[in-house]
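Summary of the model geometry
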Amino acid sequence: MEFAEHIKTANVEDVVLRQPLQPPSRGTLCITGHHLLFSDREESDSRQVLLLLRNIDAIEKRMSGSSGTITMKCKDLRVLQLDIPGMEQCLNIAHSIETLSCLDCVSAMYPFFYRPVDLSLPEQWGLSSPEMHYSQMKELYEKWRLSTVNRDYSVCPSYPPAVIVPKSIDDDTLKKAAKFRQGGRFPVLCYYHKKNGMVIMRSSQPLLGANRKRCKEDELLLQAVIEGSDKGYIIDTRSMQQAQQARMTGGGFESKSFYDRWKRFHRQMERGKALQESLIKLVEACGDESNNMDRWLSKLENSKWLSHVQNALSTAGLLVECVERDGHSVLVHGSEGTDCSLLISTLAQLIMDPCCRTMEGFLGLLEREWIQARHPFQQRCAHSAYSHARLQQESPVFLLLLDCVWQLWRQFPLALGFSEALLLRLATEVYASDYGTFLCNSDQERCALEVKERTHCLFRALLRPTERDYYSNPLYERTELAIWPSVHPQSLQLWKGYFLRWTQQVRHLEEAQEEIRNMVIEWGKLARS
Amino acid sequence: MEHIRLPKVENVKLLDRISHRRRRVGTLYLTATHTIFVESEAGVRNETWVLHSLVCSVDKLAATPSGCPLLIHCKNFQVLHFIISKEQECHDIHLSLQRLSQPESYDELYCFSYKPNVDEKERRQEWDFLDLKADYSRMGLPSSLWKLSPVNQHYKVSDTYPADLFVPESATPPVIVGSSKFRSRGRFPALSYYCKDNHAAICRSSQPLSGFSARCLEDEQMLEAILRSNPCSDFMYVVDTRPKLNAIANRAAGKGYENEDNYSNIKFQFVGIENIHVMRNSQQKMLEVCELRSPSMSDFLEGLESSGWLKHIKAVLDAGIFIAKAVAEEGVSVLIHCSDGWDRTSQVCSVACVLLDPYYRTLRGFMVLIEKDWVSFGHKFSHRCKHVVGDPKEVSPIIDQLLECVWQLMEQFPCAFEFNERFLITIHNHFYSCQFGNFIGNNQRERIELRVHERTHSLWSYLWANRTDYTNPLYRPNHSQTQGLLRASTSPYSFKFWKGLYNRFDHGMHPRQSVEDYLRAIQEETQQLEEQLSSHTQAIGVTEIAENLMLAIIKQCFGACYVAAE
């Protein structure tokens, strides 16, 4: 890929940059294959802005006379403005940004070029692997095994090469069960609850189709999951009606007659385009400058974003209730099993398992549930709330997860080992990143492009001592108890830190967080002396 | 006691407001001052006490097979849902509580029977805790520009005003009296806040009796005197806090607002805060939303919007910001009024003061502020909070709105306030509880007639004695966000629903862990450690050698630990 063909003007002098919370500054603008670089002309205290072009979601250009203005709306919700002298230069710059910010070719993306001096390419990419995870969970050995039936991605292209399944089920059975599940995503273990030995399984929908096909192997597999127990629960993230309609297109749900020891709950969760539209509406509402309270509340309501937050947390709560209180295993799926299923199983693990609430634990959880179990990041996060591009596969499921985690942190400010800053960092990185972690749509694609060999891993970088310090929660005190969130509308709030990140008000809240950190450090010093 | 038809009922169920499945069984007692529910299960003695004066309404619902429901709504937003098995018992409790919660005379109020273990001398001292004159001298008054006027001694000019008032030095008694005759209830323009750095002042009054064309020379002179008391400015703002339409309607009744043509160098401005009736209805609607059993997010947000409550809070804050900016940034004096000048005017004066002056963001300062703008200037607490039976149309949550404005500011500026949310909620509780004498009656004259200072206790010294509970551990008086004028945002998204107050008793809705409690604990520990360290230092003598010695001693004492910390 030759970037130069897209860059007709690489440098412009005398450009004015306007960005939130800072006075406008005049300086030099430079466009490279991946970045927009702006440097201040002031010699003392010179400021530089380095922006990944990938971060730019939409641009607007306005010409007046011999100069032009480019407004850049970023995926981290920042809005920047450039005043550029010279019409041609302005058009060239705008063209470069438009083209370079949405190149499709993954291997030409910045993570493949990012080579910081203080970081060498890792021996091991990622924090763990299914193999390591299994080997550390001795409790699993008796009834569960690690299957490598998918070692060449032939059984399920979106699964990692190794998955955890009931010991009594052999690979042939798995292969047959996989044919009965959309995309081959047969039920696999994603969480083992040490307190009672119950598990969370995850899959895609069964392919019953209109003539109600059945699959003995799939039934056996699920039967093996609840061996020794009287029943299990299935949480289907679609409404009953949606699940029934899915039969028309070859999908469906586990019917009572063939899975008689499984009890099904339907909880409709928004996904896909509707969720993306919800985000667009919310961001639009946050940018509304009419200063009218009624308008704001009705736009906030109309966006439905907080309803989705409420819904995700309460469905995760249902899952926890089944496992922790009721003491039964649960299978979670919707249709593809790559979005809402991951969302609620991740939340449920955070609620139940103290090991997932440390910083390593949380990043490890994200790696297992979202990277290895495949959330199609490339498709879902191609664009954010400002883009005018026609929506395709975009959907902010991961952002919704981060918002829900933020709500948990608000309600249990001492129970999570990481801070809001980590959630904000992840929310930014998932849309535009120096790291390879969120590239591609599956493990298979990552292998094909050698992502693990040729890029740096965000999660490992975040666990370096300085970063870890910055992103840790100074108030963290481990609790073994489940942290049940309240899902009353009064208990849920707009995530200002993200949606109003570039306002003065959020600065004040950040300053307060800084004071909290200082207090704890001060106290720690004295207590140790 | 004669109002208690039934002192005790057994086997009463108390339902949880959120989940009716959770219920407690116990005994209900009625005493002269409280309703008490004692849970009889599980060996733990769990008691719920509710002051009769906090009861807002008692409703007996239709009987069900499980018993007869009795619903008690309290002024502090507690809602108790009892089920009493026998209808007759429920009826008796209902009638008793209805009478007990609606005193017919001031003498029945709780403050006159509340007798904590405090001797008379201490009780009298409680009332000396706050001194408004000290606040005025803090502002630098009296000065060559403003004087304390004796004109309202014995409440002769305005019976709802305090006896001591500051007026411009040049305002003579005839001018004041003349002006007062041209103002509703005689509430002439008087000083509320003075900024000694730039001489700008906030004054307050009631509306002028201007009708369609009436004028009053003394009133015009009075405003002229206020303008001249600010030597740095050649005009002043007159802010009418009402919506323009309401003010115009008042003209037909011979009241109204200032005509810019008749007063020299005034800039007149409406700010559009709604009246007490709109506010009462709005809060009622909002509380209905709070009480929904399991609302969806949309139900809640739509309900909140249609109640209009946050819109009204925003209007009050917007008005406060306008005035604070006029004073701090333009150095211009402001006269504020509404109709009678005891509701919206008090709100706006107080909000402006909180924004302007860091002192009013301290524990003591905020108490002084309420004492000044509300108690002293005659907010009608007993009518607005329905302390005694009276006209329901006089009831309105005006003072709640002040507390909420302050709370919204605290949420925006977490380091700028010395007090915490608990402080506001406790004050709110006692506006209504009648446990302390501070808010009894409608003005200073009534409190003197009731001999409140001789017969009751004061809330302020109680709060001060317990101030550790009410202190914000994140308060940083020297932080940049705390300095001078608070630059508050009134973008709609800056306002939050105050569940801490309106859903105060729904524990399931609140965060399960408290950052504040945690910080308070480590703050105390940090202080103790520092004291220990400095007492070591003092014992040795504060010379350089001694300090070195001390370090050596500490190193010796704590050995490896200390080294590790370094």
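Residues numbered from 1 in each chain as written. Chains lettered and ligands numbered in written order. Predicted model: local features only at pLDDT ≥ 70, side-chain atom pairs only at ≥ 80, totals over all residues. Heavy atoms only, no water.

Along its length, chain B carries 20 helices and 14 strands. The C-alpha radius of gyration computed for chain B amounts to 27 Å, which stays within 12% of the reference 24 Å derived for 566 residues, consistent with globular compactness. Dimensions of chain B, computed from the C-alpha atoms along their principal axes, are close to 80 × 75 × 55 Å. Taking all 566 residues of chain B together, 58% fall into the buried category. Long-range pairs, those at least 24 residues apart, make up 68% of the contacts in chain B between residues at least 6 apart in sequence. On chain B, roughly 23,400 Å² of surface is accessible, and the fraction owed to carbon and sulfur atoms is 51%. Across chain B, 62 positive and 68 negative side-chain charges occur, with their mean positions spaced 4 Å apart. (Helix = DSSP H or I, 4+ residues; strand = E, 2+ residues; numbered from the N terminus. Rg over C-alpha atoms; globule rule 2.2 N^0.38 Å. Buried < 20%, exposed > 50% of the residue type's maximum accessible area, 1.4 Å probe, protein only. Contact = heavy atoms within 4.5 Å. Areas by Shrake-Rupley, 256 points an atom, 1.4 Å probe, with all protein chains shown as cover. Lys, Arg positive; Asp, Glu negative; His and termini not counted. Charge placed at Lys NZ, Arg CZ, Asp CG, Glu CD.)

Attention now goes to the layout of surface pockets. As a volume, the second largest pocket reaches approximately 1,400 Å³. Considering the residues around the second largest pocket, the lining is formed by 41 residues, among which His488 of chain A together with Asp16, Ile18, Ser19 and Arg22 of chain B are closest to the centre. Every element with two or more residues in the lining of the second largest pocket is listed here: helix H8 (305-325) of chain A together with strand E1 (8-15), strand E2 (23-30) and strand E7 (79-84) of chain B. Examining the composition of the lining of the second largest pocket, we find that eight residues originate from one element, H8 of chain A, more than from any other. The class makeup of the residues in the lining of the second largest pocket is 16 nonpolar, 13 polar and twelve charged. Both of domain 1 (6-101) and domain 2 (123-506) of chain B provide at least three residues apiece to the lining of the second largest pocket. (1 Å grid on protein atoms, 1.4 Å probe; cavity = no way out; pocket = protein on both sides within 12 Å on 5 of 7 lines; lining within 4 Å. Points joined across faces, edges and corners; volume = space filled by probe spheres on them. Nonpolar A, V, L, I, M, F, W, Y, C, P; charged D, E, K, R; others polar. Domains from an automatic or database assignment.)

Together, Arg151, Lys175, Lys176 and Lys179 of chain A line one region of the surface with positive charge. Here Arg151 of chain A lies in the loop between strand E8 (144-147) and strand E9 (163-166). (Patch = residues over 30% accessible without salt bridge, like charges linked within 9 Å, V, L, I, M, F, W, Y side chains within 5 Å. Salt bridge = Lys/Arg side-chain N within 4 Å of Asp/Glu carboxyl O.)

Time to look at the packing of aromatic side chains. Residue and element names in this part refer to chain B. Tallied over the entire structure, the rule returns 50 aromatic pairs over all chains. In textbook terms, an aromatic cluster arises when at least three aromatic residues are bridged by ring pairs, as seen for Phe77, Phe300, Trp309, Trp407, Phe497, Trp498 and Tyr502. For the cation-ring pair, Arg138 lies above Tyr360, with the distance from its terminal atom to the ring centre recorded as 5.2 Å. (Phe/Tyr/Trp six-rings, centres within 6.5 Å; stacked < 30°, edge-to-face > 60°. Lys NZ or Arg CZ within 6 Å of the ring centre and 35° of its normal.)

In this section: the sheet that holds E7 of chain B. All names here are of chain B. One open sheet holds the seven strands; their spatial order is E4-E3-E2-E1-E7-E6-E5, and the pairing between them is antiparallel. Lying at the two open borders of the sheet, with one neighbouring strand each, are strand E4 (46-51) and strand E5 (55-60). In this sheet, neighbouring strand axes are inclined to one another by 30° on average, regardless of whether the strands run parallel or antiparallel. (Pairing = 2+ DSSP bridges. Axes fitted to C-alpha atoms, helices over the stretch in contact; angles between N-to-C directions.)

In the numbering used here, UniProt assigns the feature "domain: Myotubularin phosphatase" (unreviewed entry) to residues 124-499 of chain A. In residues 124-499 of chain A, helix accounts for 43% and strand for 9%; the two terminal C-alpha atoms are 35 Å from one another. (UniProt positions renumbered as here; feature names shortened; annotations may be inferred.)

Side chains that are nonpolar tend, in soluble globular proteins, to be buried together. By size, the foremost hydrophobic cluster in this structure holds 237 residues, and its most contacted members are Leu426 and Phe499 of chain A together with Phe366 of chain B. Here the element with the most residues in this core is helix H9 (residues 309-330) of chain B; it accounts for twelve residues. Two domains each provide a minimum of three residues to this core, namely domain 1 (6-101) and domain 2 (123-506) of chain B. Setting aside anything within four residues of it in sequence, one finds Phe499 of chain A in contact with Leu77, Leu279, Leu282, Val283, Cys286, Trp305, Asp403 and Leu494 of chain A. Membership of the second largest hydrophobic core comes to 27 residues, among which are Val15, Leu51, Leu82 and Ile93 of chain A. (Core = buried A, V, L, I, M, F, W, Y, C linked by side-chain atoms within 4.5 Å.)

Here we come to the pattern of salt bridges. Inspection of every chain in the model, using the stated rule, returns 60 salt bridges over all chains. The residue Arg476 of chain B makes a salt bridge to Glu515 of chain A at a minimum N-O spacing of 2.7 Å. Remark: Glu515 of chain A occurs in helix H19 (residues 504-528) and Arg476 of chain B occurs in the loop between helix H17 (459-465) and helix H18 (499-502); the pair is interchain, linking two chains. Linking Asp357 of chain B and Arg138 of chain B is a salt bridge whose minimum nitrogen-to-oxygen distance equals 3.1 Å. Taken together, the residues Asp357 of chain B in the loop between helix H10 (344-356) and helix H11 (363-376) and Arg138 of chain B in helix H3 (residues 132-138) connect sequence positions 219 residues apart. Arg138 of chain B gets classed as partly exposed once you look at its relative accessible area, which sits at 26%.

Residues and elements named next belong to chain B. The positions UniProt marks with the feature "binding site: substrate" (unreviewed entry) are Asn275, Ile276, Cys338, Ser339, Asp340, Gly341, Trp342, Asp343 and Arg344. Spanning 70 residues, the annotated positions come together in the fold, the maximum distance between their C-alpha atoms being 12.2 Å. Residue placement: Asn275 occurs in the loop between strand E13 (266-270) and helix H7 (276-291). Asn275 sits in the partly exposed class, given a relative accessible area of 22%. If near-sequence neighbours (up to four positions away) are discounted, Asn275 is found in contact with Asn246 and Arg344.

Residues and elements named next belong to chain B. Here chain B is partitioned into domain 1 (6-101) and domain 2 (123-506). Distance from the C-alpha centre of domain 1 to the C-alpha centre of domain 2: 37 Å. At the interface, 13 residues of domain 1 touch 21 residues of domain 2. Taken together, the two surfaces of domain 1 and domain 2 that pack against each other cover about 1,400 Å², and 53% of this comes from carbon and sulfur. Looking at the side of domain 1 facing domain 2, the largest losses of area belong to Arg17, Lys75 and Phe77, adding up to 48% of the total buried there. The tally of links from domain 1 across to domain 2 stands at zero salt bridges. Our count for the contact surface shared by domain 1 and domain 2 stands at five residue pairs in polar contact (both at pLDDT 80 or more). Along the lines of polarity and charge, the residues of the side of domain 1 that touches domain 2 split into six nonpolar, five polar and two charged. (Buried area = accessible area lost by both parts, 1.4 Å probe. Polar contact = N/O pair within 3.5 Å; in protein donor to acceptor, adjacent residues only side chain to side chain.)

The subject of this paragraph is the side chain of Ser180 of chain B. Mapping Ser180 of chain B onto the fold places it in helix H4 (residues 173-181). Discounting chain neighbours no more than four positions away, the residues touching Ser180 of chain B are Val157, Gly186 and Phe188 of chain B.

Bringing the UniProt feature "active site" (unreviewed entry) in chain B into the picture now. All names here are of chain B. Following the UniProt record, one finds the feature "active site" (unreviewed entry) at Cys338. Within the secondary structure layout, Cys338 lies in the loop between strand E14 (334-337) and H10. Ignoring sequence-local partners within four residues, the contact set of Cys338 consists of Ser205, Ser206, Gln207, Asp240, Thr241, Arg242, Asp343, Arg344 and Thr345.

Bringing the packing of helix H10 (residues 359-372) of chain A against helix H13 (residues 420-429) of chain A into the picture now. Residues and elements named next belong to chain A. As a packed pair, H10 and H13 sit with axes 12 Å apart at the nearest point and diverge in direction by 25°. Here H13 runs roughly parallel to H10, going by the angle between their axes. The two elements H10 and H13 cross, and the hand of that crossing is right-handed. Across the interface between the two elements, Met359, Phe362, Leu363 and Leu366 from H10 touch Leu422, Leu423 and Leu426 from H13. (Parallel < 35°, antiparallel > 145°, perpendicular 65-115°, else oblique. Left-handed = near helix turned anticlockwise from the far one by under 90°.)

As a further point, take the interface of chain A and chain B. Between chain A and chain B, the residue contacts involve 51 residues of the former and 55 residues of the latter. Summed over both sides, the interface of chain A with chain B buries roughly 4,900 Å², with 65% coming from carbon and sulfur. When the area that chain A buries against chain B is broken down by residue, the three leading residues are Met293, Gln490 and Met519 of chain A, summing to 15%. Our count for the chain A to chain B interface comes out at two salt bridges. Taken together, chain A and chain B are joined by 17 residue pairs in polar contact (both at pLDDT 80 or more).

This brings us to the environment of Tyr493 of chain B. Position of Tyr493 of chain B among the secondary structure elements: in the loop between H17 and H18. By relative accessible area, which is 13% here, Tyr493 of chain B ends up buried. Other than its neighbours up to four places away in sequence, Tyr493 of chain B contacts Cys286, Trp296, Lys496, Leu500, Thr503 and Gln505 of chain A.

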